[in-house]
Amino acid sequence: MFPETDVILHGADYNYEQWLKYPEILENDIRLMKESHMSVMTLNVFGWTLLEREEDVFDFSPLDERMDSLHKAGIKVILATPSGARPAWLAAKYPEVLRVNAARERELFGMRHNHCLTSPAYRERVRIFDEKLAEHFKDHPALLMWHISNELGGECHCPLCQEAFRKWLQEKYGTLDNLNEAWNTAFWSHTYTSWQQIESPSPKGEFLVHGQNLDWRRFVSDSHISFLRNEIEAVRKHTPSIPVTTNLMYYNEGIDYVKLAKELDIVSWDNYPRWNAERDSFSVALDTAFFHDRIRSLKHQPFILMESSPSSTNWQNTACLKTPGMHEAASLQAVAHGSDSVQYFQWRKSRGCSEKFHGAVVSHDGRSDTRVFREVSKLGLDLEKLSGVRETGTKSEVAVIYDTENAWAINEIQGYKMSRKNYHETLVSWYAPLYKRGISVDVIDQSADLSTYKLVVAPMLYMVKPDFAGKIRQFVDDGGVFVTTYMTGIADENDLTFMNGAPGPLEELLGLRVEETDCLPDFRTNTVEMNGLSYSNIDISDIVISEGAEVLARYTSSFYAGSPAVLRNGNAYYVAFRSDGMLEDVLISDLADELSLSKAPVKLEEGVTAVRRGDYLFLINFSDKESSFTPDHEMRDLLTGKTISGEETLPVNGVMVLTDDGRF
Ligand code: GLA
Ligand code: ZN
């Protein structure tokens, strides 16, 4: 993946543009980078105006100077194309590059990540810049990877985007009749009789035609992807063998990352968990683990942790510090789940503007005798001991389905329990019992190949796409186990409900049909009984008629007491109610035994996680107390070199990277 390095990368966003008037700081930076074991710096994310101060007047000398200095110090460079923020002259000369919001107001110049996705002028200026940049640095020995733009996202509703949307729709539907059918426009007399009548969703106009909203989101996602492609082509023209990435985000549901990832050589992402801002670290670790697994599963190969905070994150509501050791625990968690780097935003705290209080390796005092600097340096040293982990893969026997278009459609629903649809939380509640047992999980969407898994869990699969039903049938026929829940099989890819009711095309596979769905206010819960144990049901309860499925659990309260709550049809399970987590835990535990899913070779205490990558086992203590464990055979800790055979203790935030040289 990285032809010029053999280490797990350690680095940061280096906004050297802000320090050009302080040559002693720039010089000191290199010394401090060496001291903290940095192997890579990301440059030029916001460097456009410095290098092209006037249209077509390029001066790459400041960047030359930085790249050369870093190279002399043995530090590689991830070079960004600076399209995330444009020069003021460019916006003044080409106002079409400025985004128009959904209320149809054009923004003024300012901020960042806000270009029109369609503007030919912007694409052209970006392409010219990128080609010049790539041509200039193509033979630079420090150039390791391209970082295209920055955190793509958002949408534009300008006239150019409206035209492009209509064209996209014409290509998709061919005729207006097809479009009207797919969007169900007879509802409220919204039938379109000319393509020109169609507008993007707006709070001032149409926003309740769900098929239209869905297509708009698909169009916006495709626009980001084609914007990205334009940039990738520009840099590949001069550097065909330098890998390209772009930095993805947390809850960015504006882009279908599965599609976007196909354009990239390496997936990278920016990860800012709320460490210490939640009551317990384990729940933060759990959520973060789920995202790491999702990012890794986009290409089923190691990824890059492009940004994380070495200290606090200023834009969060409460900018908590990381407690001692938390930095190492959080960073090695990323490596455990497949990252081949630990990188930060940012190397040095800026003096002004909105990020002057964002955590950085070097703070305003410029010192290296600080707690943060020491912890970052220790991690740098530890990463050097883990070079064997680099490029090793993760083998998962279990997949959880997280489908972006399904998330979009669920968002639109006017019904069920509006304030607690909780798709993400539900996915994590099914992921949790797997994670707690040290069972590796891939997080994939409906388009993925399922043949390598033993267990596929697809909670709240509201939208079932045309080939999925056949694929999951095949998977089950081949011996795989499928688990799904309430709110599944309700709508097709146009968000039109299935004509046989729920679970639509999964009816035969699951051997049941859903007659009604009850929703519970926060103050009411139902009870469910399974094998003599009582479970609590919150939020949602399907009233199900079995059509051959075996009933494993029944409701014991409400007017539907006695009706099925968990059903099994061969290898396909249907959980008809939302539980508080207990049902997930029991069912997954039983299935893990039944399917002999490979789990952690140590018994874990609560809050301690075990994640396997290649021949390595990462143990991390995210609980608030010291924990002890006994491995079931002898292992070696790569961080301390110690052999572990009997009972061991792991302090709070403690990490061990164990290997048994291939016996796991
Ligand atoms: C994002 C951006 C960075 C910076 C950080 C702050 O990830 O890419 O430029 O603003 O947030 O957390
Ligand atoms: Zn636009």
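**Q** For this particular structure, what's the right way to read the overall build of the chain?
**A** Each helix and strand in the chain was counted, giving 17 helices and 29 strands. What you see for the chain is a C-alpha radius of gyration of 26 Å, in line with the 26 Å of a compact globule of 664 residues. Intrachain contacts of the chain at a sequence separation of at least 6 include 72% that bridge at least 24 residues. On the chain, roughly 25900 Å² of surface is accessible, and the fraction owed to carbon and sulfur atoms is 50%. Computing the positive centroid from 68 side-chain charges and the negative centroid from 98, the chain places the two 4 Å apart.

**Q** Would you mind going over helix 15 (residues 468–477) with me for this structure?
**A** For an α-helix, 3.6 residues make a turn, and residues three or four places apart therefore share a direction. Among the residues of helix 15, Phe468, Ala469, Ile472, Phe475 and Val476 are the ones counted as buried. In a view along the axis of helix 15, the buried residues occupy a sector of 125°, so they form one face of it. Packing partners of the buried residues in helix 15 comprise strand 12 (398–401), strand 14 (455–458), strand 15 (481–485) and helix 16 (507–510). Where helix 15 terminates, the next one or two residues include Gly479, which has phi positive at roughly 105°.

**Q** Could you clarify how one ought to interpret the side chain of Arg86 in this entry?
**A** Tracing the sequence through the fold places Arg86 in the loop between strand 5 (76–80) and helix 4 (88–93). Although Arg86 is buried, it makes no salt bridge; Glu107 carries the closest opposite charge, 6.5 Å away. A polar side-chain atom of Arg86 sits 2.6 Å from a polar atom in the side chain of Asn114. Discounting chain neighbours no more than four positions away, the residues touching Arg86 are Trp48, Ala91, Val97, Leu98, Phe109, Asn114, His115 and Tyr122.

**Q** Whenever I open this one, the site of ligand 1 confuses me. Can you help?
**A** Every residue near ligand 1 is listed here: Phe46, Arg112, Asn150, Glu151, Asp270, Tyr272, Glu307, Trp315, Phe345, Glu355 and His358. Between Glu151 and ligand 1, the recorded distance is 2.7 Å, taken from a side-chain N or O atom to an oxygen atom. His358 has a polar side-chain atom sitting 2.7 Å from an oxygen atom of ligand 1. Relative to its free-state accessible area of 310 Å², ligand 1 is covered by the protein chains to the extent of 97%.

**Q** It is not clear to me how the pattern of salt bridges should be interpreted in this structure. Could you clarify?
**A** Opposite charge on two side chains lets them pair, provided their charged atoms get close. Going through the model one piece at a time under the given rule, you end up with 45 salt bridges. Between Arg125 and Asp56 there is a salt bridge whose closest N-O contact spans 2.9 Å. With a gap of 69 residues between them, Arg125 in helix 5 (residues 120–137) and Asp56 in the loop between strand 3 (52–54) and strand 4 (57–58) connect regions that are remote in the sequence. Taking relative accessible area as the criterion, Arg125 reaches 4% and is therefore assigned buried. Residue classification places Asp56 among the partly exposed residues on the basis of a relative accessible area of 44%. Residues participating in the shared-partner salt-bridge network are Lys172, Asp215, Arg218, Asp403, Glu405 and Lys465.

**Q** Teacher, can you tell me more about the coordination of the zinc ion (ligand 2) here?
**A** Angles between donor atoms at a metal ideally measure 109.5 degrees for a four-coordinate tetrahedral arrangement and either 90 or 180 degrees for a six-coordinate octahedral one. Ligation of the zinc ion (ligand 2) by protein atoms is provided by Cys116 (SG), Cys156 (SG), Cys158 (SG) and Cys161 (SG), these donors lying 2.3 Å from the ion. Note that the zinc ion (ligand 2) binds 4 donor atoms; their angles at the metal cover 103 to 116°, and the shape is tetrahedral. Taken in chain order, the donor set of the zinc ion (ligand 2) reads C-x39-C-x1-C-x2-C. Taken together, the residues span a long stretch of sequence, with Cys116 in the loop between helix 4 and helix 5 and Cys158 in the loop between strand 6 (143–147) and helix 6 (159–173) at a distance of 42 residues. Both residues of the pair, Cys116 and Cys158, belong to the buried class.

**Q** Sorry, what's going on with the packing of helix 10 (residues 281–299) against helix 11 (residues 326–336) here?
**A** Angle between the axes and distance between the axes: these two values describe a pair of packed helices. It is at 10 Å that the axes of helix 10 and helix 11 come closest, and there the two elements cross at 25°. Taken together, the axis directions place helix 10 and helix 11 in an arrangement best described as roughly parallel. As helix 10 packs across helix 11, the resulting crossing turns out to be right-handed. Contacts between helix 10 and helix 11 involve Ser281, Ala285, Thr288, Ala289 and His292 on the former and, on the latter, Met326, Gln333 and Ala334. Class assignment for the residues of the contact of helix 10 with helix 11 results in 4 nonpolar, 4 polar and no charged.

**Q** Where do I start with the sheet that holds strand 9 (residues 268–270) in this structure?
**A** Strand pairing in a sheet relies on backbone hydrogen bonds. The paired strands run either parallel or antiparallel. With parallel pairing, the 3 strands of this open sheet are ordered in space as 8-9-10. Each having just a single partner strand, strand 8 (247–248) and strand 10 (304–307) make up the two edges of the open sheet. Contacting strand 8, strand 9 and strand 10, helix 10 runs over the sheet at an angle of about 155° to strand 9.

**Q** Explain the environment of Glu181 here, please?
**A** As for its placement among the helices and strands, Glu181 is situated in helix 7 (residues 176–183). Along the backbone, Glu181 and Gly153 are 28 residues apart, and their C-alpha atoms lie at a distance of 30 Å.

**Q** For this particular structure, what's the right way to read the pairing of strand 12?
**A** Residues in a regular strand point their side chains to alternate faces of the sheet. Both faces of strand 12 are covered, namely the face carrying Val398 and Val400 and the face carrying Ala399 and Ile401. The sheet contact formed by strand 12 and strand 14 spans 3 bridges and is parallel. Across the sheet, residue Val400 finds its bridge partner in strand 14, namely Val457.

**Q** Sorry, what's going on with the environment of His37 here?
**A** Relative to the assigned elements, His37 resides in the loop between helix 1 (23–35) and strand 2 (40–43). As for His37 and Asp522, which are separated by 485 residues in sequence, their C-alpha atoms are 51 Å apart. In contact with His37, not counting residues within four places along its chain, are His10, Ser377, Gly380, Leu381 and Glu384.

Cut-off values and rules
Residues numbered from 1 in each chain as written. Chains lettered and ligands numbered in written order. Predicted model: local features only at pLDDT ≥ 70, side-chain atom pairs only at ≥ 80, totals over all residues. Heavy atoms only, no water. Helix = DSSP H or I, 4+ residues; strand = E, 2+ residues; numbered from the N terminus. Rg over C-alpha atoms; globule rule 2.2 N^0.38 Å. Contact = heavy atoms within 4.5 Å. Areas by Shrake-Rupley, 256 points an atom, 1.4 Å probe, with all protein chains shown as cover. Lys, Arg positive; Asp, Glu negative; His and termini not counted. Charge placed at Lys NZ, Arg CZ, Asp CG, Glu CD. Buried < 20%, exposed > 50% of the residue type's maximum accessible area, 1.4 Å probe, protein only. Arc of directions from axis to C-beta. Salt bridge = Lys/Arg side-chain N within 4 Å of Asp/Glu carboxyl O. Polar contact = N/O pair within 3.5 Å; in protein donor to acceptor, adjacent residues only side chain to side chain. Near = heavy atom within 4 Å. Donors = N, O, S within 2.8 Å, 3.2 Å for Na, K, Ca; no water. Tetrahedral: all angles 85-135°; square planar, octahedral: opposite > 155°, others 65-115°. Axes fitted to C-alpha atoms, helices over the stretch in contact; angles between N-to-C directions. Parallel < 35°, antiparallel > 145°, perpendicular 65-115°, else oblique. Left-handed = near helix turned anticlockwise from the far one by under 90°. Nonpolar A, V, L, I, M, F, W, Y, C, P; charged D, E, K, R; others polar. Pairing = 2+ DSSP bridges.

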